[in-house]
Amino acid sequence: MSSVLKFFSLTFLLTWTCYIAGGVIASRAGNVATAVPGLRLLFLLGTFAPAIIALWLTSRADAAGSPALLRRIVDWRVGVRWYVFAIGFMAAIKLTAAVIHRMIRGAWPRFGNEPWFIIVAAIVISTIFQAGEEIGWRGYALPRLATRFGFARASLLLGVIWACWHLPLFFVSGADTKGQSFVVYLLQVTALSVAMAWVYVHTKGSLLLMMLMHSAVNQTKDIVPSARPGAANPFTLNATVIAWLTVALLWICAGYFLHALRDPDSLRVISPRDVGGDGAEERA
């Protein structure tokens, strides 16, 4: 477990340093996107911290480990149904939430304005950038946690950590999470972590599918927006009806996935390479 703890510690240190520094600079200049030349690069470095730390720790344990880890981001040979699930899961959750909202409130919620072809293009373009997170979260951390806790509990633990990693962005001016309920976000991301672990197991650890699903979640979550306009307190339960419906639907699905992930056969997707060569800890 020392390798995983080292991974989480260094990842949080690098990311939070970048995010907090970027947030301070942005707040003083007044605009997170254009205030200071290179500010986007600072936030991008923070976003890619999980991959940077994972590859560094893997190479320290085994010189051949990093190339093997990187090869998993082009592992495309999985069933078509998993591509469909990865792309459509969050969209299905959001549309179902909209239907339930119509049933219980008598009115449709607000829908996003992006054309479907723009969303599809954004998913494709954004997928490669998700390697910055997925090489670390699902490529490095998940299989190691699973060898200790099993995939069900590992996915829950990783979900909480993954959500907390984003916490500084709830205080950064210009970020789309600024002021939104972190409690709701934590619940949503933890449930999503379970769903992604389920796909990970059924695609034999394909990071390409993890990147695709991560991208699709980001790009389709606002087909039915759930953000509360003017929100200013991340530590509140005050969120929109759509946000809470999304939480409920995600956890209904997560319940099924958790039951499936308790199958001992799910651990067969982990190879010795996934946990660092022969499973030894990184060299001191």
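The model shown is predicted, which means the values in this text are computed figures rather than measured ones.

Chemist: Break down the pattern of salt bridges for me, with residues and values.
Modeler: Applying the stated rule across the entire model yields three salt bridges. For the salt bridge of Arg138 with Glu134, the shortest nitrogen-to-oxygen distance reads 2.8 Å. Here Arg138 pairs with Glu134, and both are found in helix H7 (residues 131-165), just four residues apart, close to one helical turn. The two residues Arg138 and Glu134 agree in class, both being buried. Measuring nitrogen to oxygen at the nearest pair gives 3.2 Å for the salt bridge that ties Asp222 to Lys221. Take Lys221: its relative accessible area is 27%, and that puts it in the partly exposed class. Among the charged side chains, a network of salt bridges with common partners joins Asp176, Lys221 and Asp222.

Chemist: Explain helix H10 (residues 241-261) to me, and be specific about the residues and the numbers.
Modeler: Between its terminal C-alpha atoms H10 stretches 30 Å, which fits the 30 Å expected from 21 residues at 1.5 Å a residue. The complete set of buried residues in H10 reads Ile242, Ala243, Leu245, Thr246, Val247, Leu249, Leu250, Ala254, Phe257, Leu258 and Leu261. The secondary structure elements touched by the buried residues of H10 are helix H5 (80-105), H7 and helix H8 (182-202).

Chemist: Kindly report on the packing of aromatic side chains, identifying the contributing residues and their values.
Modeler: Counted under the stated rule, the structure contains 24 aromatic pairs. Centre to centre, the rings of Phe7 and Phe8 are 5.3 Å apart; their planes meet at 55 degrees, and the pair counts as tilted. Side by side, Phe7 and Phe8 carry an identical accessibility label, which is buried. Taking 4.5 Å as the distance between ring centres and 25 degrees as the angle between the ring planes, the aromatic pair formed by Trp198 and Phe257 counts as stacked. Pair noted here: Trp198 is in helix H8 and Phe257 is in helix H10, with a separation of 59 residues, a long-range link. On the basis of relative accessibility, which here comes to 10%, the residue Trp198 falls in the buried class. Ring-pair connections join several aromatic residues into one group, and the members of that group are Phe7, Phe8, Tyr19, Phe43, Trp137, Tyr140 and Trp165. Just above the ring of Trp76 sits the side chain of Arg77; from NZ or CZ to the centre is 5.7 Å.

Parameters and conventions
Residues numbered from 1 in each chain as written. Predicted model: local features only at pLDDT ≥ 70, side-chain atom pairs only at ≥ 80, totals over all residues. Heavy atoms only, no water. Salt bridge = Lys/Arg side-chain N within 4 Å of Asp/Glu carboxyl O. Helix = DSSP H or I, 4+ residues; strand = E, 2+ residues; numbered from the N terminus. Buried < 20%, exposed > 50% of the residue type's maximum accessible area, 1.4 Å probe, protein only. Expected span 1.5 Å × (residues − 1). Contact = heavy atoms within 4.5 Å. Phe/Tyr/Trp six-rings, centres within 6.5 Å; stacked < 30°, edge-to-face > 60°. Lys NZ or Arg CZ within 6 Å of the ring centre and 35° of its normal.

Shape descriptors only; they carry no functional weight alone.
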